[in-house]
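Structural description and commentary
The lines below spell out each chain.
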Amino acid sequence: MKFAQVLIGVICLAVSSFANDIDTLFARTKEIYKSDVSRDSVEHLVSFQKNDGSWKGPVYGKKGHMPIEHLANVRAMAYGFDQNCSGNLDNSKFCSDVKQSVIRALTFWFAHQGDFVSDNWWMNEIGVQRELSPISFMMWNVIPQSLRQKIIEYYPREPSGNGTNRAWISENVLVRGILERDENLIHLGTRNIESTMLVTKQEGHQMDHSFFMHGNQLYNGSYGKSALSLAARWAFVTRGLAFAFSQNAIQGMSSLALEGNRMMMWKGMADAMTVGREISQKEGNKETQDYLSIIDYLTAVDSSRGQEYESWREEIQGGEKSSGCLYFWRGEMMVCKSMGHYISLKMSSSRTVGGEFLNRQNRKGLWLGTGVLSLYAHPDDYKNIYPLWDWSMLPGITSYGEANLKEKRVTNKSNYVGGIGDEQFGAAAMILNRPKLSAKKFWFFLDSVVVALGSEISSSHNAAVKTTLDQRLVHSEILMDDSVVWHDGIGYKTLDGQKINVKSEKRTGNWASIGTQKIEENGDVVSLWIDHGARSTNGNYEYLVAVGVGKNFYQEKSSLEIVQNDGKAQVVYDEKLKVLAGVVYKRGRLDVGLISLSFDEPTIFLLRRKMDSCLLKTVKLPNVNLEAANETEISCPIDF
């Protein structure tokens, strides 16, 4: 009997504890959802609401269209009610009017919800709930029970989907659990949000801290950012409660944030190659201020990395602290950066998606993922240039004059793609295999200098094949000779004497040409390229780009040597820095001075002096499941 009494007491205590935690969870969630809105704007919405609860403006009767603006109006009124009406419900006409307007608007919505179905599944299963959630938490205690129940029924009881979609739908399960006071649903929602922060081979957080969505497609700056934001917010809201995130989930979230997203941004700029089809949206890569709230949440739940979060905050505000080269082997992207520059290379293989055309966005992204070389001396170097771009001439790519992406997704047809990052150095290679075009491409990164080599460029297309060195906004005078160009602190030089073609012109473009926004852009754009001609059979190129140099950069004696650039190997040596880098496409021996290296299969390598020996890093191609480059210390000549 006594045992039974104790057991009942424990159960009652547990129920009470869960009840208290749900109360706390409700209060914290309400705080997270709060937002400021002017009283005048709320009064405007109330005064212009029709008697049936609708407004002039939202399109209510169009098949396949969701009049989400209706719920956006309700959300604004809910914010106004929460700001102005706490403890003043009986004495304020404003509060009474807003309350009744919200009830009328919700009653209208639920009476017609069968007609409000979008052709876009996301709007039906995620978009509507994202509007209803703040409305619910602001108004829950003053709306009728009948409306509460209809709101609850809009939310799912089971998570579904992968990656960010799973995070969004799991959030809806969690919100339903809070509103219903159902601890099982709360646990189900939180555990599934956690799962999107753990490393997976499916869509989501990858082993190298890339983030994939819509197949193996790099999306850290868009979907990855959204998933990270959502998870960090709920980790913060649930902290210290029975529903708190596990340590494994917090560690995964921190790694994605600090070793993934942080590395793909620079001084308040997110790399446009990480936002997928959202490159077609104005300011799509400038929303890095949103990371400040993510940093706040993560700092609160992961104090062990507090100094790293603080450094990241300073970087977003312009004080870059991270430096060096890092290769994301899953995302197939190289990033090299310091306080003075940011350089990235975005490749793709048959293992990944180079670009997608979806929801009328990114209609000209045919050549994304084919070796786009982005060079930043200033965070705004490519700001809003995308409607002005000739998309058949993206920086760094070898291509011909087409750009429209007619397939849903496009990729490179070769799996010989890989790279090595090593402190201040990096090496990357790609065999390009696209319709009617093939080439072997190699890049060597030496701090703020990139050496680019191309060989066996072959095309059966009638259009001229070009290798584009850059295409950017004009920010200074342009100085040029046949093989040398300088512009705004960036120097370009061919190492084989080929001519650099230069064209500077005023351009006008509209975002509608690549996406859905009808906004016009104007600007001066300079394009630099090497011409290989039509139906090239064995084209090649050798050039370097240096960021942060003076106008006479080309007069300085170079310590660089192109050792080999053909179908067998592409190799570069820097005598001053004592570093040798390259790719070999066939087994054999490579002799460079007194250095002799043997390779039994296609390999990317980076060799540099380390004290009295040399450190050799290698990546074998195709690198399907590579977690890190192989490292070997070897003996090497004293004068290497």
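That block above? That's the structure.
As the structure is a prediction and not an experimental result, all values here were calculated from the model.

With that settled, consider the sheet that holds strand β21 (residues 520-534). Pairing is antiparallel across the open sheet formed by 4 strands, whose spatial order is β10-β16-β21-β20. Taken across any chain shown, the strands that pair with only one partner, and hence form the sheet edges, are β10 (398-399) and β20 (501-510). When strand β16 (residues 464-473) meets β21, the two strands line up antiparallel, connected through 9 bridges. Following the sheet pairing, L473 is matched in β21 by V525.

The next subject is the pattern of salt bridges. Taken as a whole and assessed by the stated rule, the structure comprises 39 salt bridges. One salt bridge in this structure joins R313 and E310, with 3.4 Å as the shortest N-O distance. Remark: E310 and R313 occur in helix α12 (residues 306-316); sequence separation between them is 3 residues, near one turn of the helix. A relative accessible area of 33% means that E310 is categorised as partly exposed. Three or more residues joined by partner-sharing salt bridges are found here, namely D422, E423, R608, K617 and E631.

Consider a sheet: its strands pair through backbone hydrogen bonds, and that pairing is either parallel or antiparallel. Read from one edge to the other, the open sheet built from 8 strands follows the order β12-β13-β14-β15-β22-β19-β18-β17, with strand pairing classed as antiparallel. On the outer flanks of this sheet lie β12 (417-422) and β17 (478-480), each paired with one strand and no other. Ignoring which end each strand starts from, the neighbouring axes of this sheet average 15° apart. The sheet contact formed by strand β19 (residues 490-494) and strand β22 (residues 539-547) spans 5 bridges and is antiparallel. From the neighbouring strand, K493 faces β22, where its bridge partner is L544.

Conventions adopted
Residues numbered from 1 in each chain as written. Predicted model: local features only at pLDDT ≥ 70, side-chain atom pairs only at ≥ 80, totals over all residues. Heavy atoms only, no water. Pairing = 2+ DSSP bridges. Helix = DSSP H or I, 4+ residues; strand = E, 2+ residues; numbered from the N terminus. Salt bridge = Lys/Arg side-chain N within 4 Å of Asp/Glu carboxyl O. Buried < 20%, exposed > 50% of the residue type's maximum accessible area, 1.4 Å probe, protein only. Axes fitted to C-alpha atoms, helices over the stretch in contact; angles between N-to-C directions.

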